[in-house]
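# Examining the three-dimensional arrangement
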Amino acid sequence: MNKNYVIPRFNEKAFNCQNCQAYAHQVWIDVYMKTYGQRYEKFKNLVLSRCYHCEKLSLWFKESLLYPKQISIPLPHEDMSESIKEDYLEAREIVTSSPKAACALLRLAIQKLMKELGEKEKRLVDNIVSLASKGLPVKIQKALDIVRVIGNESVHPGQINLNDNKEIAYSLFELINLIIEDRISAPKRVNELYEKLPERKKIGLQNRDKKE
């Protein structure tokens with residue numbers, strides 16, 4: 001999960017831009033209007049911020065972000081594949097206006113994730129059982145079971161469940177990142193640490209494992 005995501009706040013020098021999502025320096029600009037007397041008067045409570053990365057503008061009113069709409073959903077996990085990330089980001093953009101459509105995209109992302117983890121069953125329940133046998137934490141098993149039950153025990157591309165709402169969508173975002181952290185990122189970090197061990201130590205551990 002991207003732990004470095006910084007939520008946009010009024011008058012902050014840097015945060016994750018809601019136009020390009022990049023963490024970047026922000027330039028704050030006052031807004032003026034030209035009156036009939038050819039004078040310029042400053043708008044009260046209306047300010048612009050310009051992203052140093054994409055150079056696009058954001059509009060703030062009374063110290064609240066007015067445009068673009070602020071997205072509080074975390075960015076996709078850094079180890080998320082491009083295929084899943086595409087669905088995740090699209091769902092992230094539309095979750096406020098259409099949580100049902102966002103949930104449909106996130107269920108599709110979960111289906112893709114199951115395949116990437118080597119699970120070949122068509123039904124989510126069977127993939128959950130398989131992952132559980134491989135050491136999937138109970139909390140993630142329970143979360144997947146919730147997804148399965150709410151989704152009528154299946155995940156199909158484009159499926160929209162009438163019970164889906166923002167709360168469920170937010171949970172799906174979190175769940176996808178949690179699964180990636182547990183099944184992909186954590187093992188990768190452990191392996192990277194193992195590879196840093198001196199070669200003689202690794203040989204000793206391998207011989208120990210053979211004896212056991």
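Bear in mind the structure is a predicted one, so any value in this text is a computation, not a measurement. (Residues numbered from 1 in each chain as written. Predicted model: local features only at pLDDT ≥ 70, side-chain atom pairs only at ≥ 80, totals over all residues. Heavy atoms only, no water.)

## Here's the deal with the overall build of the protein chain
- Check the secondary structure of the protein chain and you find six helices and five strands.
- Counting helices and strands in the order they occur from the N terminus, the protein chain gives β-β-β-β-β-α-α-α-α-α-α.
- A burial count over the protein chain gives 35% of its 212 residues as buried.
- In the protein chain, once contacts between residues fewer than 6 apart in sequence are set aside, the share between residues at least 24 apart is 49%.
- Accessible surface, the protein chain: about 13,500 Å² in total, of which carbon and sulfur atoms supply 52%. (Helix = DSSP H or I, 4+ residues; strand = E, 2+ residues; numbered from the N terminus. Buried < 20%, exposed > 50% of the residue type's maximum accessible area, 1.4 Å probe, protein only. Contact = heavy atoms within 4.5 Å. Areas by Shrake-Rupley, 256 points an atom, 1.4 Å probe, with all protein chains shown as cover.)

## Digging into the packing of helix α1 (residues 82–94) against helix α5 (residues 166–195)
- Running from N to C, α1 and α5 point in directions that differ by 155 degrees, and their axes come no closer than 11 Å. Judged by the inter-axis angle, α1 sits roughly antiparallel to α5. Between α1 and α5 lies a crossing of left-handed hand. Of the residues in α5, those touching α1 at Ile84, Tyr88, Ala91 and Arg92 are Phe173, Ile176 and Asn177.
- Residues belonging to the contact of α1 with α5 are distributed by class as follows: five nonpolar, one polar and one charged. (Axes fitted to C-alpha atoms, helices over the stretch in contact; angles between N-to-C directions. Parallel < 35°, antiparallel > 145°, perpendicular 65-115°, else oblique. Left-handed = near helix turned anticlockwise from the far one by under 90°. Nonpolar A, V, L, I, M, F, W, Y, C, P; charged D, E, K, R; others polar.)

## Side note on the packing of aromatic side chains
- Applying the stated criterion to the full structure yields six aromatic pairs.
- Aromatic pair Phe10 and Trp28: ring centres 5.3 Å apart, planes at 65 degrees, arrangement edge-to-face. Placement of Phe10 in the segment before β1 (14–16) and of Trp28 in strand β2 (residues 23–34) is noted, with a sequence separation of 18 residues between them.
- On the basis of relative accessible area, Trp28 is assigned to the partly exposed category, the value being 22%.
- Three or more aromatic residues link up through ring pairs in this structure, and these residues are Phe10, Phe15, Trp28 and Trp60. (Phe/Tyr/Trp six-rings, centres within 6.5 Å; stacked < 30°, edge-to-face > 60°.)

## Examining the environment of Leu108
- Within the fold, Leu108 resides in helix α2 (residues 99–116).
- Looking at Leu108, the relative accessible area reads 16%, which means it is buried.

## Some words on the pairing of strand β4 (residues 57–61)
- Side chains Ser58 and Trp60 of β4 all project onto a buried face; the interleaved residues Leu57, Leu59 and Phe61 project onto a face where none is buried.
- Across five bridges, strand β3 (residues 40–51) lies against β4 in antiparallel orientation. Paired with Arg50 across the strands is Leu57, a residue of β4.
- Between β3 and β4, which pair antiparallel in sequence order, lie five residues; one of them, Glu55, sits at a positive phi of approximately 65 degrees. (Pairing = 2+ DSSP bridges.)

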